[in-house]
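# A closer look at the structure
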Amino acid sequence: PVDVLTLGETMAAFRAGGPLRLGGQLSLSIAGAEANVAIGLARLGHTVRWVGVTGADELGALVLRTLRAEGVDVSACTVAAGAPTGLIIFEPRVADLIRVTYYRSGSAGSRLSEAEVVAAFEGGAPRVLHVTGITPALGDAPRAAVTRAVAEAKAAGATVCLDVNHRARLWSVERAAATLRPLLPSVDLVVASDDELPVLVDPGADPLTTLFAAGVREVVVKRGGDGASAHTPHLTVERPARRVPVVDTVGAGDAFVAGYLSGLLDGTDLPGRLDRAVTTGAFAVAARGDWEGLPTRAELGLLDAVPGTTVR
Ligand code: ATP
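Quick look at the structure, then. Here the structure is a predicted model, which is why all the values come from computation and not from measurement.

Calculation rules
- Residues numbered from 1 in each chain as written.
- Predicted model: local features only at pLDDT ≥ 70, side-chain atom pairs only at ≥ 80, totals over all residues.
- Heavy atoms only, no water.
- Helix = DSSP H or I, 4+ residues; strand = E, 2+ residues; numbered from the N terminus.
- Rg over C-alpha atoms; globule rule 2.2 N^0.38 Å.
- Buried < 20%, exposed > 50% of the residue type's maximum accessible area, 1.4 Å probe, protein only.
- Near = heavy atom within 4 Å.
- Polar contact = N/O pair within 3.5 Å; in protein donor to acceptor, adjacent residues only side chain to side chain.
- 1 Å grid on protein atoms, 1.4 Å probe; cavity = no way out; pocket = protein on both sides within 12 Å on 5 of 7 lines; lining within 4 Å.
- Sits in = over half its atoms within 2 Å of the grid points.
- Nonpolar A, V, L, I, M, F, W, Y, C, P; charged D, E, K, R; others polar.
- Points joined across faces, edges and corners; volume = space filled by probe spheres on them.
- Pairing = 2+ DSSP bridges.
- Axes fitted to C-alpha atoms, helices over the stretch in contact; angles between N-to-C directions.
- Contact = heavy atoms within 4.5 Å.
- Phe/Tyr/Trp six-rings, centres within 6.5 Å; stacked < 30°, edge-to-face > 60°.
- Lys NZ or Arg CZ within 6 Å of the ring centre and 35° of its normal.
- Salt bridge = Lys/Arg side-chain N within 4 Å of Asp/Glu carboxyl O.
- Core = buried A, V, L, I, M, F, W, Y, C linked by side-chain atoms within 4.5 Å.

### Concerning the overall build of the protein chain
- Across its full length, the protein chain holds eight helices and 14 strands.
- Here the C-alpha radius of gyration of the protein chain, 18 Å, is about what a compact globule of 312 residues would show, namely 20 Å.
- Along the longest, intermediate and shortest principal axes, the C-alpha atoms of the protein chain span 55 × 50 × 40 Å.
- Burial statistics for the protein chain: of 312 residues in total, 53% are counted as buried.

### Overview of unusual backbone geometry
- One non-glycine residue, Asn165, lies in the positive phi region at around 40°.
- Relative to the helices and strands, Asn165 resides in the loop between strand S10 (159–163) and helix H5 (173–180).

### Focus: the site of the ligand
- By nearness alone, 20 residues border the ligand, and Lys222, Gly224, Gly227, Arg242 and Gly253 come closest of all.
- Contacts to the ligand include Gly224, whose backbone N or O atom sits 2.7 Å from an oxygen atom.
- Measuring from an oxygen atom of the ligand, one finds a backbone N or O atom of Gly227 at 3.1 Å.
- The cavity that encloses the ligand is the largest pocket.
- The set of elements that each furnish at least two residues to the shell around the ligand consists of helix H7 (252–265) and helix H8 (270–285).
- A class-by-class count of the residues in the shell around the ligand yields nine nonpolar, eight polar and three charged.

### A look at the layout of surface pockets
- A volume near 1200 Å³ is recorded for the largest pocket.
- Surrounding the largest pocket, 49 residues form its lining, Thr249, Val250, Gly251, Ala252 and Gly253 being those nearest its centre.
- Counting only elements with at least two residues in the lining of the largest pocket, the list comes to helix H1 (33–43), strand S7 (87–94), strand S8 (97–103), H7 and H8.
- By residue class, the composition of the lining of the largest pocket is 22 nonpolar, twelve polar and 15 charged.
- If you add up the space inside the second largest pocket, you get close to 270 Å³.
- Considering the residues around the second largest pocket, the lining is formed by 13 residues, among which Leu302, Leu303, Ala305, Val306 and Pro307 are closest to the centre.

### Topic: the sheet that holds strand S2 (residues 11–16)
- An order of S3-S2-S7-S8 is seen for the four strands of this open sheet, with the pairing classed as mixed. Looking along the sheet, the strands with just one partner apiece sit at the ends: strand S3 (26–31) and S8. Mean inter-strand twist for the sheet, computed between neighbouring axes without regard to direction, equals 25°.
- Of the pairings in the sheet, the one linking S2 to S3 comprises six bridges and is antiparallel in character. By the bridge assignment, Phe14 is partnered in S3 with Leu28.
- Contacting S2, S3 and S7, helix H2 (residues 58–69) runs over the sheet at an angle of about 65° to S3.

### As for the environment of Val74
- Following the sequence through the fold, Val74 ends up in the loop between H2 and strand S6 (78–80).
- Spatially, the C-alpha atoms of Val74 and Val48 are 9.0 Å apart, while their sequence positions differ by 26 residues.
- Aside from chain neighbours lying at most four places away, what touches Val74 is Trp50, Leu64, Leu67 and Arg68.

### Considering the packing of aromatic side chains
- Inspection of every chain in the model, using the stated rule, returns zero aromatic pairs.
- One cation-aromatic arrangement involves Arg15 over Phe90; the distance from NZ or CZ to the ring centre is 4.2 Å.

### Comments concerning H5
- For H5, the set of buried residues is Ala176, Ala177, Thr179 and Leu180.
- Buried residues belonging to H5 abut helix H4 (140–155) and S10.

### Focus on the pattern of salt bridges
- What the rule picks out here adds up to 19 salt bridges.
- In this structure, Arg104 and Glu9 form a salt bridge, with 3.0 Å as the shortest nitrogen-oxygen distance. With a gap of 95 residues between them, Arg104 in the loop between S8 and helix H3 (114–121) and Glu9 in the loop between strand S1 (4–7) and S2 connect regions that are remote in the sequence. Considered together, Arg104 and Glu9 belong to a single accessibility category, that of buried residues.
- Here Asp73 ties to Arg49 by a salt bridge, and the two come within 3.0 Å at their closest N and O atoms. With a gap of 24 residues between them, Asp73 in the loop between H2 and S6 and Arg49 in strand S4 (residues 48–51) connect regions that are remote in the sequence.

### Structural notes on the nonpolar core
- Counting 40 residues, the largest nonpolar core has Leu7, Leu129, Leu200 and Leu211 as its most contacted members.
- Within the residue set of this core, elements represented by two or more residues are S1, H3, strand S9 (128–132), H4, S10, H5, strand S11 (189–193) and strand S12 (218–222).
- The next biggest cluster of nonpolar side chains, apart from the first, holds 38 residues, and it includes Ile30, Ala35, Trp50 and Trp291.

Next up, the structure:
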């Protein structure tokens with residue numbers, strides 16, 4: 001069995017050099033919240049399986065080849081006939097504002113179903129299951145896949161991590177709430193940006209009290225450049241963001257989750273988990289691309305070097 005199992009859609013990712021309507025050059029990579037987390041964990045030396053559906057096309061081959069190259073297990077994935085690999089395009093519009101365009105409706109990735117989950121659990125349950133609020137927003141079959149994965153993981157005693165990752169373009173807060181809140185009794189660890197808490201908690205209610213009462217054991221709240229906090233019923237830890245030159249903020253949240261889960265797998269305490277999370281989050285914002293700049297285990301200490309240092 002692997003340390004971490006995660007499931008979702010991985011898209012081909014184009015990054016433009018300027019406004020799309022002016023044309024010009026694009027660079028090609030892959031992106032998807034769960035794949036970003038998987039790559040982050042693999043780089044830190046953990047065994048991780050990503051499961052999803054790719055198109056029977058060259059971009060699907062790019063997705064699988066890249067994940068394999070990063071050491072992510074893709075053995076439970078399937079290739080869909082007749083549906084293309086989804087696309088995401090990042091367009092730097094002005095200064096550090098990046099506009100994102102998706103071409104994902106009807107994509108192969110949205111054909112993810114319980115069948116892939118069953119295959120992914122063959123050979124044993126992972127130590128940690130990581131799911132996001134993006135996957136169940138992709139359609140009925142992906143929603144059933146997430147529900148099944150959470151149930152299987154819970155039954156096997158695995159730790160279940162949910163990153164709310166609300167995507168307003170895919171579904172409303174109300175629909176997200178109706179799908180995600182029933183999962184909470186099976187979720188051990190919730191990760192959310194502070195503005196995503198209303199998906200899980202009614203207005204006026206105290207988020208931490210409500211989530212702990214629902215059965216969650218640990219809550220981690222991200223605040224972008226203002227850092228993050230981690231909470232259990234007995235302990236609260238706050239960390240500022242690490243000061244790095246900000247190059248590209250996309251993927252910070254996923255990198256953060258990879259660091260947090262890595263600390264959890266290593267048996268690190270709450271402050272140690274949060275320290276690793278803000279470190280991997282900072283690596284993500286300090287480099288171009290969703291996951292390209294993420295550290296290996298040996299590189300984790302690099303941000304402690306004096307700025308401007310040449311590492312020889
Ligand atoms: P995204 O959706 O772009 O992946 P997110 O909104 O899920 O991001 P953020 O809260 O933006 O997640 O970032 C997650 C963590 O990454 C933060 O808690 C922080 O530790 C780190 N981080 C984010 N922005 C910065 C920054 N400007 N400088 C340093 N660290 C940052």
